[in-house]
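Letter by letter, the chains look like this.
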Amino acid sequence: MENFIFFNDTTILFGKGQIKNLGNEISKQQGSRVLLTYGSDRVKKNGLLTEVESLLKEAGLEFIEYGGIVANPRISSVREGIELIRKHNLDFILAVGGGSVLDASKAMAAGFYIEGDPWQLFKGTEVKKALPLASVLTLAATGSEMNGNAVVSNPETGEKLGMGSSLVRPRFSILDPEYTFSVPAYQTAAGAADIMSHVFEQYFSPSAHTELQDRISEAIILTVKEWAPVAVEDGTNYEARANLLWASTLALNGLISTGKRGDWATHSMEHAVSAVNDMTHGAGLAVLFPNWMMEVLDKDQNDRFYNMAVRVWDVELHEDKKAVAIEGIKRIREFFNSLGLPAKLSENGIDEKDLPTLVEKSMTWNGPLGSFGQLDEDQVKRIFTASI
Ligand code: NZQ
Ligand code: ZN
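Let us look at the structure shown here. (Residues numbered from 1 in each chain as written. Chains lettered and ligands numbered in written order. Predicted model: local features only at pLDDT ≥ 70, side-chain atom pairs only at ≥ 80, totals over all residues. Heavy atoms only, no water.)

**Considering the environment of Val-287**
Within the secondary structure, Val-287 is located in helix α10 (residues 281-296). For the pair Val-287 and Leu-341, spaced 54 residues apart in sequence, the C-alpha to C-alpha distance is 8.1 Å. Setting aside residues no more than four positions away along its own chain, Val-287 makes contact with Pro-342, Ala-343, Lys-344, Leu-345 and Ser-387. (Helix = DSSP H or I, 4+ residues; strand = E, 2+ residues; numbered from the N terminus. Contact = heavy atoms within 4.5 Å.)

**Concerning the pattern of salt bridges**
Per the stated rule, a full pass over the model turns up 20 salt bridges. The residue Arg-79 makes a salt bridge to Asp-117 at a minimum N-O spacing of 2.7 Å. Of the two residues, Arg-79 is situated in helix α4 (residues 75-88) and Asp-117 in the loop between α5 (99-111) and β5 (133-137); the sequence distance between them amounts to 38 residues. Salt bridges sharing common partners tie together Glu-327, Lys-330, Arg-331 and Glu-334. (Salt bridge = Lys/Arg side-chain N within 4 Å of Asp/Glu carboxyl O.)

**Remarks on the coordination of the zinc ion (ligand 2)**
Each pair of donors in an ideal four-coordinate tetrahedral metal site encloses 109.5 degrees, whereas pairs in an ideal six-coordinate octahedral site enclose 90 or 180 degrees. Surrounding the zinc ion (ligand 2) are the protein donor atoms Asp-194 (OD), His-198 (NE2), His-267 (NE2) and His-281 (NE2), at 2.0 to 2.2 Å. Counting residues between consecutive donors of the zinc ion (ligand 2) along the chain gives the motif D-x3-H-x68-H-x13-H. With His-198 in helix α6 (residues 185-203) and His-267 in helix α9 (residues 265-277), the pair connects residues that are 69 residues apart, well separated along the chain. Each member of the pair His-198 and His-267 is classed as buried. (Donors = N, O, S within 2.8 Å, 3.2 Å for Na, K, Ca; no water. Buried < 20%, exposed > 50% of the residue type's maximum accessible area, 1.4 Å probe, protein only.)

**Describing the site of ligand 1**
As a matter of local geometry, ligand 1 sits amid 30 residues, with Ser-40, Arg-42, Gly-99, Ser-100 and Lys-160 nearest to it. Ser-100 places a polar side-chain atom, nitrogen or oxygen, 2.5 Å from an oxygen atom of ligand 1. Between ligand 1 and Tyr-179 there is a distance of 2.9 Å, counted from a nitrogen atom to a backbone nitrogen or oxygen. In isolation ligand 1 has 950 Å² of accessible area, and contact with the protein removes 90% of it. Among the residues making up the shell around ligand 1, the classes are represented as 9 nonpolar, 17 polar and 4 charged. (Near = heavy atom within 4 Å. Polar contact = N/O pair within 3.5 Å; in protein donor to acceptor, adjacent residues only side chain to side chain. Areas by Shrake-Rupley, 256 points an atom, 1.4 Å probe, with all protein chains shown as cover. Nonpolar A, V, L, I, M, F, W, Y, C, P; charged D, E, K, R; others polar.)

**Here's the deal with the nonpolar core**
Counting residues in each nonpolar core, the largest one holds 97 residues, and the members touching the most others are Met-108, Phe-200, Trp-292, Phe-305 and Phe-384. Setting aside residues no more than four positions away along its own chain, Met-108 makes contact with Leu-35, Thr-37, Tyr-66, Ile-69, Ser-77, Val-78, Gly-81, Ile-82, Ile-85 and Ile-93. Core analysis: the next-biggest nonpolar cluster, separate from the first, contains 22 residues, Leu-13, Ile-26, Leu-94 and Phe-172 among them. (Core = buried A, V, L, I, M, F, W, Y, C linked by side-chain atoms within 4.5 Å.)

**Concerning unusual backbone geometry**
Non-glycine residue His-209 carries a positive phi angle of around 55°. Note on placement: His-209 falls in the loop between α6 and α7 (211-233). Despite not being glycine, Asp-303 has its phi angle at roughly 60°, a positive value. Tracing the backbone shows Asp-303 in the loop between α10 and α11 (304-311).

**What about the packing of α7 against α11?**
Two elements in contact, α7 and α11, have axes whose closest approach is 11 Å; the angle formed by their N-to-C orientations is 45°. In terms of orientation, α7 lies oblique with respect to α11. Of the two possible hands of crossing, α7 and α11 adopt the one that is right-handed. On α11, the residues touching Asp-214, Arg-215, Glu-218, Ile-221 and Leu-222 of α7 are Arg-304, Asn-307, Met-308 and Arg-311. A class-by-class count of the residues in the contact of α7 with α11 yields 3 nonpolar, 1 polar and 5 charged. (Axes fitted to C-alpha atoms, helices over the stretch in contact; angles between N-to-C directions. Parallel < 35°, antiparallel > 145°, perpendicular 65-115°, else oblique. Left-handed = near helix turned anticlockwise from the far one by under 90°.)

This is a description of form; function is not addressed.
Set out below in structure tokens:
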């Protein structure tokens, strides 16, 4: 196990009715003038926004609304949000929605303090200060509710890039499973694939002897394996929604990456896909991950492919460990497809002619892609070819 520092100070308010603590939690953070961010009119129509507004009023907090943040959020929204914060002298951001609303809000929080265009944050400019922010989450997927990451698209440059800083980690997140009841089946499945993919990115690692982290990771995958089909079938099943929501948070809050290096090549490749055609993040991952696994299988020095196949995907023990691992990968693909996720990127309009762009946009690292798989350009091309 490698050395690590683990620190995460996001307060999680989990469960039915936790929204009642909203005003109190913002006041604790000394916020008084709030930018209230959201996506489509959905949160207006279902009453969530009205409820949030009345709680803010009750707590004596002033607020300005900024809606219209789209999935795969655009840097233009970040710019507009920052303008509003400056114009109205706001000091706190409350994001109501999924990962996209939250990520755009994080970029606003950091972008407020830098001179010039906030896109610089995604090009290496360090975050030195950020406005405090919090979330009322409506979708289980990204883990953004308890981490310092944000992913934003820039259609002008055709890029979708991430930034990371503990300064943009939410001060608190309200996770009420009932807010996720209305997530459509396909989006629920994509969220489940995203959660599992976050675990895969951290589980497959060059670091050895991380048994505890590996077992926690397997438990998260098992939980998603058990509950995602239930939530896809019946969106209003509280226990299914609750288990998926907590799994999404724990999958990417730093816990399971302690003491080990993650890979993250598949996320770079998927971000290239969603930059090219706005594909739903989790759906892209569901196609790419099994193909990445087949490409890097032989690099595993720690039997993790074998362990996962046996412990999570119920493959029978056998002395031919590679055959067991391959059967495990097959079952992962079948699981994603059984949830209604695509088997090929072409189902989403990606074709061979996109290949050079996808490869180029994936190679955002200096050197090989991913710390476990260490992919070169030819391997990235092979994975995309198998995925198209
Ligand atoms: O605009 P609204 O109405 O919010 O609609 C959203 C959107 O159309 C809808 N939705 C959200 N909650 C709903 C709902 N529809 C019905 N009922 C509800 N309760 O679902 C659609 C997708 O929402 P989005 O926020 O885009 O989904 P998700 O939470 O999966 O976020 C995806 C984004 O996060 C990035 C992805 O790349 C993508 O841009 N990621 C962020 C990460 C992070 N910050 O740590 C890590 C991830 O790996 C990922 O890259
Ligand atoms: Zn993801």
